[in-house]
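Per-entry structural report
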Amino acid sequence: PALVAPDFPIDVAAARIAAGKWFNAGQTCIGVDYALVDGPRRNEFVAALRAEVERRYGDFARPDDYTRIISDAQYARLQGYVDDARARGVTMVEINPAEEDFGVQAARKIPVTLLLDPPDDSLVMQNEIFGPLLPVKTYRTIDEALAFVNNRPRPLALYYFGDDRAEADDVLSRTTSGGACINEV
């Protein structure tokens, strides 16, 4: 998880999350599996992620700009997560600067896709993603966000974004993860 505190600059968090999440199209073991952001700033966070992805990757249609999914099986698994979310009525934000038709290509590319507040029992929230999909969950308080993290399997990594050192220490002391970073991914 990436937990963005209410007082942390949203554009800085978005830039750093984008760098870590969409490296290799999200196919890294310590990529962000979901982002937690305070409810009032969710739309601002989505807009900042969109701007950052467009700045970093530009035109996905160009063959050297964006990584493909490693295999047909992994591509099908990720498409299954998208299909499940769509069937559940989850709001999805596809970031596709060139408006490429990903449905008719054979290159196993999936656009950066944000899934806004998917239900906890959706496939994208029940499984490791290892791809370019990012659930964005909202919270009201840091305590609520920490309860959400702690009610799930222990993450391989945890990314906290906040300038309050005492709160950062509290987050790290109240969660268990394989590794953790403050203000970085």
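Predicted model only: the values in this text are computed from it and were never measured.

Regarding the overall build of the protein chain
Helix and strand counts for the protein chain come out as 6 helices and 7 strands. Element order for the protein chain, N to C, with α for helix and β for strand: β-α-β-α-α-β-β-α-β-α-β-α-β. With respect to the three principal axes, the spread of C-alpha positions in the protein chain is 50 × 30 × 30 Å. The 185 residues of the protein chain split such that 48% are buried. Long-range contacts, defined as pairs at least 24 residues apart, comprise 69% of the intrachain contacts of the protein chain with a sequence gap of at least 6.

Observations regarding the pairing of strand S2 (residues 35-38)
Across the two faces of S2 the burial is the same, with Ala35 and Val37 and Leu36 and Asp38 all buried. Across 3 bridges, the pairing between strand S1 (residues 2-4) and S2 is parallel. The partner of Ala2 across the bridge, within S2, is Ala35. Between the parallel elements S1 and S2, the chain passes through helix H1 (residues 10-21) in a crossover that is right-handed. Across 4 bridges, the pairing between S2 and strand S5 (residues 133-139) is parallel. Bridge pairing in S5 links Ala35 to Val136.

With respect to the sheet that holds strand S3 (residues 91-95)
Pairing in this open sheet of 7 strands is mixed, and the strands run S3-S4-S5-S2-S1-S6-S7 from one edge to the other. Each edge of the open sheet carries a strand with a single partner, namely S3 and strand S7 (179-182). If you compare each strand with its neighbour and ignore which way they point, the axes differ by 20° on average. With 4 bridges connecting them, strand S4 (residues 112-116) and S5 associate as parallel partners. Note on S5: the bridge partner recorded for Thr113 is Leu133. Along the sheet, helix H2 (residues 42-57) contacts S1, S2, S3, S4 and S5; its crossing angle with S3, the most-contacted strand, is approximately 25°. Those strands touched by helix H5 (residues 142-150) are S1, S2, S5 and strand S6 (157-161), and its axis lies near 135° from that of S5.

Examining the packing of H5 against helix H6 (residues 165-174)
Close contact between H5 and H6 brings their axes to 10 Å; oriented N to C, the two are set at 25°. Comparing their axes, H6 and H5 come out roughly parallel. In terms of crossing hand, the pair formed by H5 and H6 is right-handed. Here Ile142, Asp143, Leu146 and Asn150 of H5 come into contact with H6, specifically with Glu167, Asp170, Val171 and Arg174. Tallied by class, the residues present in the contact of H5 with H6 amount to 3 nonpolar, 1 polar and 4 charged.

Conventions we followed
Residues numbered from 1 in each chain as written. Predicted model: local features only at pLDDT ≥ 70, side-chain atom pairs only at ≥ 80, totals over all residues. Heavy atoms only, no water. Helix = DSSP H or I, 4+ residues; strand = E, 2+ residues; numbered from the N terminus. Buried < 20%, exposed > 50% of the residue type's maximum accessible area, 1.4 Å probe, protein only. Contact = heavy atoms within 4.5 Å. Pairing = 2+ DSSP bridges. Right-handed = clockwise from strand over helix to strand, strands pointing away. Axes fitted to C-alpha atoms, helices over the stretch in contact; angles between N-to-C directions. Parallel < 35°, antiparallel > 145°, perpendicular 65-115°, else oblique. Left-handed = near helix turned anticlockwise from the far one by under 90°. Nonpolar A, V, L, I, M, F, W, Y, C, P; charged D, E, K, R; others polar.

That is the geometry; function is a separate question.
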